[in-house]
Amino acid sequence: MGRGRQKAKHTKVARELKYFSPSTDLTALEKEIGHPSDTDDQYVDKWADLYDDEETQDEDEESDEDSRVK
């Protein structure tokens, strides 16, 4: 018969956890994670210079085929 009080306590704790939202210091979190905040080069492809563009490769193949036909 003691289950009612235990369930009520768990319900109370769950409700407190659900609606409790502490203030989050995002700058401190960013420093802790170690992510630099001002990086504009995050979308730059660092491997792009190593390979030719696909369009350039397609054009080269077409010109090779044209020279073979002649």
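Residues numbered from 1 in each chain as written. Predicted model: local features only at pLDDT ≥ 70, side-chain atom pairs only at ≥ 80, totals over all residues. Heavy atoms only, no water.

With respect to the overall build of the protein
Heads up, the condition is: Numbering of helices and strands starts at the N terminus; helices are DSSP runs of H or I of at least 4 residues and strands are runs of E of at least 2. Categorising residues by exposure relies on relative accessible area from a 1.4 Å probe, with only protein chains included: less than 20% of the type maximum marks a residue as buried, more than 50% marks it as exposed, and the intermediate range marks it as partly exposed. Every accessible area reported is derived by Shrake-Rupley at a probe size of 1.4 Å, with residue values counting cover from the shown protein chains alone.
The number of helices and strands found in the protein is 3 helices and 0 strands. Scored against the burial criterion, the 70 residues of the protein give a buried share of 0%. Surface accessibility of the protein: about 7700 Å² in total, with carbon and sulfur atoms responsible for 50%.

What to know about helix H1 (residues 3-19)
Counting along an α-helix, one turn takes 3.6 residues, and residues three or four places apart therefore face a common direction. Here is the rule: Every helix has an expected span of 1.5 Å times one less than the residues it contains.
In this model, H1 (17 residues) spans 24 Å end to end at C-alpha, consistent with the 24 Å of a helix rising 1.5 Å per residue. Summarising burial for H1: 0 of the 17 residues are buried, a small minority.

So, helix H2 (residues 26-33)
Burial runs low along H2: only 0 of the 8 residues are buried. Downstream of H2 by one or two residues, Gly 34 has phi in the positive range, about 90°.

Thoughts on a nonpolar patch on the surface
To be explicit about the condition: A patch consists of residues whose relative accessible area exceeds 30% and which take part in no salt bridge; residues with like charges are grouped when within 9 Å of each other, and nonpolar side chains (Val, Leu, Ile, Met, Phe, Trp, Tyr) when within 5 Å. Salt bridges, as used here, are contacts in which a Lys or Arg side-chain nitrogen is within 4 Å of a carboxyl oxygen on Asp or Glu.
Residues Leu 26, Leu 29 and Ile 33 make up a contiguous nonpolar surface patch of roughly 320 Å² in combined accessible area. The topology assignment puts Ile 33 in helix H2. Residue Ile 33 is classed as exposed on the basis of its relative accessible area, which comes to 63%.

Section: the confidence of the model for the protein
Selection rule: Scored from 0 to 100, pLDDT reflects the predictor's confidence in each residue.
In this model, the protein carries an average pLDDT of 76, and 64% of its residues clear a pLDDT of 70 or more. The least confident element of the protein, judged by mean pLDDT, is helix H3 (residues 54-69) at 63; the most confident is H1 at 92.

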